[in-house]
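Descriptive analysis of the structure
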Amino acid sequence: MSRLIIVSNRLPMSLQARDDGSYTLRQNVGGLATAIGPYHRSHKDSLWIGWSGIDPQKYSEKELDRIRQAYRESRCIPIFLSKEELNGYYAGFSNNTLWPLFHDFSHEAVFRQEDWEMYRKVNMRFAQVVEPLIRKGDTIWVQDYHLMLLPKMLRERYPDASIGWFLHVPFPSAEIFRSLPWSREILEGVLGANLIGFHTVDFSASFLASLHRLLPELPVNRDGVVEMPDGHRAAIDAFPIGIDYNLYRRTAHSSLARAMRRGIDEVCGKSPRHRYRTSVTAEGVAANEAAASDANWWSHYMKEDIPESTLAKQAASSVGSRSNKVIVSVDRLDYTKGLPERLQAFGRMLDKYPEWVGHVTYYLLATPSREVVESYQRLKAQVDQLVGEINGRYSLLAWTPIHYITRSLSIKPVCGIYTAGDVALVTPLRDGMNLVAKEYLACHDGRDGTLVLSDMCGAADELTDAFIVNPYDIDMVCEALHNALEITPDESKRRNIRMQARLKVRTAANWCTSFLDSLRQVSAPGMTDRRLRMDHHNAIVRQWDGAHRRLILCDYDGTLTPLVRRPERAKPTQALRRLLTQVGSNPDVDFLLVSGRSHQIMQDWFGDLPVGLIAEHGAWNRNLPGSDSNEWQRAKGLPDSDTWQKVIQPIMDESATRVPNSFVESKSDAVAWHYRMSDAQVADHERQDLLRRLRGVVVGLGLMIMENSKVVEVTPVATSKGQAILPFVNSGDYDFMMALGDDDTDETMFAVMPDKGWTIKVGPGQTKARLRVNDPTAVTLLLADLGAGVARGSNEPVASHDFRDDHTVVDEAHAQLTDDK
Ligand SMILES: O=P(O)(O)OC[C@H]1O[C@H](O[C@H]2O[C@H](CO)[C@@H](O)[C@H](O)[C@H]2O)[C@H](O)[C@@H](O)[C@@H]1O
């Protein structure tokens, strides 16, 4: 396991001075510290480098050394930044330029040359601290928008290093991003990494769109991997961050959180003692009387312009019939959080549904931030004013609609607020993920508690059982809020259980390890060679040229054509069909396509080509060497598929129902559950459950389970590609044999190939194959060269550039597919 070096703007620990003058560190509770902190603490050789938050001018050199020492004990290396550096790099370029731009607030973005220069200079300062620490084999993980130039700076110094970069905020559309005068430099900076991570596939797609637009010369394959001119590859992918679910669940039960909840319940008239508070307090009694006699009584409390009918309804509804409710929200006071819009929606709900007056209390925790920035000051003034207006307009003597808290609270009281909330109103105008929504649900584990969630944040992709709203649409938020307050506890619990199940699986720790696993995979040595090594290539061509009879056993998906999101989109291109025709039509070549695809699809796509076909992992074949029939043949001894599919299909259908964007593919003698388009962690959780359910039934039915590329498949026990090719491999008819494949089912072919045969694995992963290439392009280029070899003397040689062009066309088609997902 390689050593991890984490680099972020801020360190995960804050310094605190003790009375005796020594220093101690306290763990921060931010998303990043929570997500990577446990990994850092449990891997005793990992390092974390970041800004200390300390003004070095306030300390003597001796004190700074003691501070460094205090950090060193936690394997943290502090960077001290001067006021001037902070102004340009942090307050300036990071928070006044990139932050608004990345959150679609272009009108707030300030483009200042001097901030950009300071940003570059401070990124370089980080590089100078990190570089001497790097040892061979280390993994370096750079965090967020503050350090977008750092990956390239490190790459220049360490060409072979494994570098990851993750963006914790949204990535904007190409149209917005390209308005940044330094957009190309920023992209190039990030592309120094081997793995570039975002919270959602939409953000990855926006990043790719910016690449196409601003750096069109860079080749990007359809899996979102960029081939960089220096030879390293940069993969782009989505890794939605989670929370420490158990921490929030536990903290919700802490005595402080419970006390907070009781306090809020009491203030809001929710505790049993006060359940019908509005009807027993002075104005409640008066209201009851008013309801019975004179509705105008309410106008003592309300503005004159409220119609009498409304007042009557308010009075009537306060007569103990409705239980009181609490709405909560927890935010930094930031313009991206949509606080004014949210307050307007709350106000509108009190207007439109006056039965809530006196019965719903909104706890709004809004912690001030970036207070020196003018736009934040304006926002604070606006929120203060709106809260004041709503409270002034609707308050009763013993009821205030909004409890507005502008302090920073620690995790326990925050969990207290979460647990007290019948409804959480989380409506950012733009947000990378939004952990508040997830934390609220964790605090309601096994309980009711309803989430109204903005569709403009990453969390909306996962928490689909929330009331999803457009945060700009005040009416929509108002209605959702009303509905969320009206929901039955059972329905609320039912929705929560589904969302909580996902959150328990997709934790912060899980996010961290899945990013690091992918980073290790994409930066593994060997992944930088796109084509077969030249000496191997030449050896194959030489043997091919000298051979009399040649056998090629070639898998299809992932080998001859790249894997794509939808199986039906992997149809062979014209150039590929021409290639297969060219190679397969030579009388001295037997070309067998050996695939897991259904025989009907194989017929449609390749039935007219001069190649033998093995389909459904060997259950079906057609046109094999030595066969005099042109009909499809079903392998002997297979169990009756109608019988077993009746058992297996419903089990797989269940998984398809549970996991969005997954589906079941039925073949004559196989059934497959596909999850490539689904959320990886949700699918993986279901995959394990499906395997467990299938294991209980397959053996008795003469079936087995296969796992392939993002697919779980059930097939008859006897079928395998290796079994199907055995007669040809053992025939002694060939003096050239080559098998090519990309996944585990192809390993069964490699296993039966003789030592002198060529075996080529496409892509990463364990293999029995002798050689490896990166992707299908390398395979088609090799086949084109072999085809040109057999065609020497033929009139129509296959040119390898044919495939380069063709793949470019396919790449574009798939880029579109990803964009409009
Ligand atoms: O043996 P192969 O030719 O490699 O076929 C294996 C499976 O290919 C198809 O699924 C795979 O490719 C799809 C298209 O790229 C991709 O969307 C899916 O995730 C892959 O698993 C096919 O649908 C299966 O029936 C084959 O077994």
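Residues numbered from 1 in each chain as written. Predicted model: local features only at pLDDT ≥ 70, side-chain atom pairs only at ≥ 80, totals over all residues. Heavy atoms only, no water.

1. Points about the overall build of the chain
Across its full length, the chain holds 30 helices and 28 strands. Per-residue burial over the chain gives 57% buried out of 821 residues. Contacts in the chain between residues far apart in sequence, at least 24 positions, make up 70% of those at least 6 positions apart. (Helix = DSSP H or I, 4+ residues; strand = E, 2+ residues; numbered from the N terminus. Buried < 20%, exposed > 50% of the residue type's maximum accessible area, 1.4 Å probe, protein only. Contact = heavy atoms within 4.5 Å.)

2. Here we look at the sheet that holds strand β27 (residues 758–762)
Read from one edge to the other, the open sheet built from eight strands follows the order β21-β20-β19-β18-β17-β26-β27-β28, with strand pairing classed as mixed. Unpaired on one side and paired on the other, β21 (633–634) and β28 (771–773) mark the two borders of the sheet. Across three bridges, β27 lies against β28 in parallel orientation. Bridge pairing in β28 links Val762 to Val773. The strands touched by helix α23 (residues 574–584) within the sheet are β17 (550–554) and β18 (589–594), with β18 carrying the most contacts at an inclination of about 140°. (Pairing = 2+ DSSP bridges. Axes fitted to C-alpha atoms, helices over the stretch in contact; angles between N-to-C directions.)

3. Some thoughts on the environment of Glu117
Secondary-structure assignment places Glu117 in helix α4 (residues 113–130). Judged by relative accessible area, which is 38%, Glu117 ranks as partly exposed. Distance in space between the C-alpha atoms of Glu117 and Tyr89 is 8.2 Å, their sequence separation being 28 residues.

4. Considering unusual backbone geometry
In this structure, Asn434 is a non-glycine residue whose phi angle is positive, near 85°. Within the element layout of this structure, Asn434 appears in the loop between β14 (423–426) and α17 (435–443). Even without a glycine there, the phi angle at Glu616 is positive, about 50°. Following the sequence through the fold, Glu616 ends up in the loop between β19 (612–615) and β20 (620–622). Since its relative accessible area comes to 0%, Glu616 is described here as buried.

5. Describing the sheet that holds strand β12 (residues 360–367)
As summarised here, the arrangement of the six strands in space is β13-β12-β11-β14-β15-β16, forming an open sheet in which the pairing is parallel. A single partner strand is all that each edge strand has here, and the edge strands are β13 (402–405) and β16 (467–469). Averaged over neighbouring strand pairs, the angle between their axes works out to 15° when direction is ignored. Judged from the two bridges that link them, strand β11 (residues 325–332) and β14 form a sheet pairing that is parallel.

6. Looking at the site of the ligand
With respect to spatial proximity, 22 residues lie near the ligand, and among them Asp555, Val564, Lys667, Ser709 and Lys721 are the closest. A distance of 2.7 Å is found between an oxygen atom of the ligand and a side-chain nitrogen or oxygen belonging to Ser595. Between Lys721 and the ligand, the recorded distance is 2.6 Å, taken from a side-chain N or O atom to an oxygen atom. About the coverage of the ligand: the protein hides 99% of its 570 Å² of free accessible area. In a pocket analysis with a 2 Å cut-off to the grid points, the ligand is assigned to the largest cavity. For the shell around the ligand, a count of residues per class yields six nonpolar, six polar and 10 charged. (Near = heavy atom within 4 Å. Polar contact = N/O pair within 3.5 Å; in protein donor to acceptor, adjacent residues only side chain to side chain. Areas by Shrake-Rupley, 256 points an atom, 1.4 Å probe, with all protein chains shown as cover. 1 Å grid on protein atoms, 1.4 Å probe; cavity = no way out; pocket = protein on both sides within 12 Å on 5 of 7 lines; lining within 4 Å. Sits in = over half its atoms within 2 Å of the grid points. Nonpolar A, V, L, I, M, F, W, Y, C, P; charged D, E, K, R; others polar.)

7. A closer look at helix α2 (residues 61–72)
For α2, with 12 residues, the first-to-last C-alpha span of 16 Å sits near the 16 Å given by 1.5 Å per residue. Taken together, the buried positions of α2 are occupied by Leu64, Ile67, Ala70 and Tyr71. Projected down its long axis, α2 shows its buried positions confined to an angular sector of 115°, all on one face. Next to the buried residues of α2 lie β2 (13–17), β3 (23–27) and β5 (76–79). (Expected span 1.5 Å × (residues − 1). Arc of directions from axis to C-beta.)

8. Describing the pairing of β19
Because side chains alternate across β19, one face comprises the buried residues Gly612 and Ile614, and the other comprises Leu613 and Ala615, equally buried. Pairing of β19 with β20 involves three bridges; the strand directions are antiparallel. If you follow Ile614 over to β20, its bridge partner there is Asn621. Connecting β19 to the antiparallel partner β20 that follows it, the hairpin turn spans four residues, and Glu616 within it adopts a positive phi of roughly 50°.

9. Some points on helix α19 (residues 474–486)
Across its 13 residues, α19 extends 18 Å between first and last C-alpha, which sits within 8% of the 18 Å expected from 1.5 Å per residue. Along α19, the positions that sit buried rather than exposed are Ile474, Val477, Cys478, Ala480, Leu481, His482, Ala484 and Leu485. The elements touched by buried residues of α19 are β11, α14 (339–352), β12, β14, β15 (450–454) and β16.

10. Some thoughts on the nonpolar core
Nonpolar side chains in soluble globular proteins generally cluster together in the buried interior. Judged by nonpolar contacts, the single largest core of 103 residues is most densely connected at Phe102, Ile140, Ile196, Leu211, Phe346, Met349 and Leu350. Counting residues per element, this core draws most heavily on helix α3 (residues 83–102), which supplies eight residues. Among all residues touching Phe346, those that are not within four sequence positions of it are Ile327, Val360, Tyr362, Ile390, Pro401, Ile402 and Leu481. Membership of the second largest hydrophobic core comes to 67 residues, among which are Tyr23, Tyr39, Val330 and Cys443. (Core = buried A, V, L, I, M, F, W, Y, C linked by side-chain atoms within 4.5 Å.)

11. A short note on the packing of helix α16 (residues 411–420) against α17
At a minimum axis separation of 9 Å, α16 and α17 run at an interaxial angle of 75°. On the basis of their axis angle, the class for α16 and α17 is roughly perpendicular. Two secondary-structure elements touch here, α16 through Cys415, Tyr418 and Thr419 and α17 through Val436, Glu439, Tyr440 and Cys443. A per-class count over the contact of α16 with α17 returns five nonpolar, one polar and one charged. (Parallel < 35°, antiparallel > 145°, perpendicular 65-115°, else oblique.)

12. Brief notes about the confidence of the model for the chain
This prediction gives the chain a mean pLDDT of 87; 88% of its residues lie at or above 70. For residues 273–306, every residue scores under 50 in pLDDT, and the model assigns this stretch 68 contacts once sequence neighbours within four places are set aside. A low-confidence stretch, residues 790–821 (pLDDT under 50), is modelled with 49 contacts involving residues beyond four sequence positions or located in other chains. Interface scoring of the predicted complex returns ipTM 0.95; its pTM is 0.63. (pLDDT = per-residue confidence, 0-100.)

13. What to know about the packing of aromatic side chains
Evaluated as defined, the whole model comprises 31 aromatic pairs. Measuring from ring centre to ring centre gives 4.6 Å for Phe93 and Tyr119, while their planes differ by 50°; the resulting arrangement is tilted. Note that Phe93 is positioned in helix α3 and Tyr119 in helix α4, a separation of 26 residues in sequence. Comparing Phe93 with Tyr119 shows no difference in burial state: the two are buried. A network of ring pairs unites the aromatic residues Tyr89, Phe93, Trp116, Tyr119, Phe126 and Trp182 as a single cluster. The ring of Phe467 is capped by Arg495, whose NZ or CZ atom sits 4.4 Å from the centre of that ring. Lying across the ring of Trp758, Arg770 places its NZ or CZ 4.3 Å from the centre. (Phe/Tyr/Trp six-rings, centres within 6.5 Å; stacked < 30°, edge-to-face > 60°. Lys NZ or Arg CZ within 6 Å of the ring centre and 35° of its normal.)

14. Looking at the packing of helix α10 (residues 255–267) against α16
If you want to describe how two helices pack, look at the angle between their axes and the distance between the axes. The contact between α10 and α16 brings their axes to 7 Å, and the two run at 45°. In terms of axis orientation, α10 runs oblique to α16. In the crossing of α10 with α16, the sense of the turn from one axis to the other is right-handed. Each of Leu256, Ala257, Met260, Arg261 and Ile264 in α10 lies in contact with α16, whose residues at this interface are Lys412, Pro413, Cys415, Gly416, Ile417, Thr419 and Ala420. (Left-handed = near helix turned anticlockwise from the far one by under 90°.)

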